[in-house]
Amino acid sequence: NNGNGNGNSQRDADCTSEVMALLEQKCPEVLNMMVTANVFPPSGGGPRGMATRYNVPFLGTIPLDPNLLKSCEDGVCFVQAFPQSPAVASLNSITDQVVKALPVDDGNEDMKMEH
């Protein structure tokens, strides 16, 4: 935006592909870096403190990834659609903890009884 409320079409144009090509050419090592920022600074101990306060297990954190929201909106399995996302390991860890903590009936019990 040029400051007067009117968008400048050249300044507002999406130049992502050009920037990515330049980065790949000039400094490809930055494309393998992952940067984290505490976007929502915790107060009162954050989610871990809240879990402690309510005496429930803290299962972990999930990095922000716009593809997670997109997958949910599109009804697509995020873990399968974006296996390289840093959020996948966190989601898998949380899911594993939930499955381990809850009695999950996989149907094998009925099969054992029928034989």
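Residues numbered from 1 in each chain as written. Predicted model: local features only at pLDDT ≥ 70, side-chain atom pairs only at ≥ 80, totals over all residues. Heavy atoms only, no water.

Novice: I'm lost on the overall build of the protein chain in this one. Help?
Specialist: Each helix and strand in the protein chain was counted, giving 7 helices and 0 strands. The linear arrangement of helices and strands in the protein chain, starting from the amino end, is α-α-α-α-α-α-α. Among the 115 residues that make up the protein chain, the fraction classed as buried is 10%. Restricting the contact set of the protein chain to residue pairs at least 6 apart, pairs at least 24 apart contribute 34%. Just so you have it, the protein chain exposes about 9900 Å², and 57% of that area is on carbon and sulfur atoms. (Helix = DSSP H or I, 4+ residues; strand = E, 2+ residues; numbered from the N terminus. Buried < 20%, exposed > 50% of the residue type's maximum accessible area, 1.4 Å probe, protein only. Contact = heavy atoms within 4.5 Å. Areas by Shrake-Rupley, 256 points an atom, 1.4 Å probe, with all protein chains shown as cover.)

Novice: Any chance you could explain the pattern of salt bridges here in plain terms?
Specialist: Pairs can form between side chains of opposite charge whenever their charged atoms are close. Considering all chains together, one arrives at 1 salt bridge under this definition. Of the charged contacts in the structure, one is a salt bridge between Lys70 and Asp74, with a shortest N-O distance of 2.8 Å. Taken together, the residues span about one helical turn, with Lys70 and Asp74 both in helix 4 (residues 66–74) at a distance of 4 residues. (Salt bridge = Lys/Arg side-chain N within 4 Å of Asp/Glu carboxyl O.)

Novice: Quick question: what am I supposed to make of the side chain of Ser90 here?
Specialist: Mapping Ser90 onto the fold places it in helix 6 (residues 86–101). Here Ser90 falls in the buried class, since its relative accessible area comes to 18%. What Ser90 contacts, discounting residues up to four positions off in sequence, is Thr61, Ile62 and Pro63.

Novice: Even after reading the chapter, I still don't get the environment of Gly60, so can you show me in this structure?
Specialist: Residue position: Gly60 is located in the loop between helix 3 (46–53) and helix 4. Along the chain, Gly60 and Gln97 lie 37 residues apart, while their C-alpha atoms are 9.7 Å from each other.

Novice: For this particular structure, what's the right way to read helix 6?
Specialist: One turn of the α-helix equals 3.6 residues, which is why residues spaced by three or four share an orientation. End to end, helix 6 covers 24 Å across 16 residues, agreeing with the expected 22 Å (1.5 Å per residue, within 8%). Those residues of helix 6 that fall on the buried side of the exposure criterion are Ala87, Val88, Ser90, Leu91 and Ile94. One face of helix 6 carries all of its buried residues, which in axial projection span an arc of 165°. Helix 6 presents Ala89, Asp96 and Lys100 as exposed residues on the side facing more than 90 degrees away from its buried surface. In this fold, the buried residues of helix 6 make contact with helix 4 and helix 5 (78–81). At the N-terminal boundary of helix 6, the capping side chain belongs to Ser85, with an oxygen 3.1 Å from the backbone nitrogen of Ala87. (Expected span 1.5 Å × (residues − 1). Arc of directions from axis to C-beta. Polar contact = N/O pair within 3.5 Å; in protein donor to acceptor, adjacent residues only side chain to side chain.)

Novice: Quick question: what am I supposed to make of the packing of aromatic side chains here?
Specialist: Any aromatic ring pair is given by two values, namely how distant the centres are and how the planes are angled relative to each other. The full count for this structure, using the stated rule, is 1 aromatic pair. Aromatic side chains Phe78 and Phe82 sit 5.8 Å apart centroid to centroid with 35° between the ring planes, which places their arrangement in the tilted category. The class for Phe82 is partly exposed, based on a relative accessible area of 26%. (Phe/Tyr/Trp six-rings, centres within 6.5 Å; stacked < 30°, edge-to-face > 60°.)

Novice: Explain the confidence of the model for the protein chain to me, please; I cannot follow it from the model alone.
Specialist: When pLDDT is low, close inspection of the predicted coordinates is not appropriate. With 82% of its residues at a pLDDT of at least 70, the protein chain reaches an overall mean of 82. The element-level mean pLDDT for the protein chain is lowest in helix 7 (residues 108–114), coming to 52, with helix 5 highest at 95. (pLDDT = per-residue confidence, 0-100.)

Novice: Just to check I follow, could you spell out the environment of Asp96 for this structure?
Specialist: If you trace the backbone, Asp96 turns up in helix 6. When its relative accessible area of 52% is taken as the criterion, Asp96 is described as exposed. Measuring from C-alpha to C-alpha, the distance between Asp96 and Leu59 comes to 9.7 Å, with 37 residues separating the pair along the chain.

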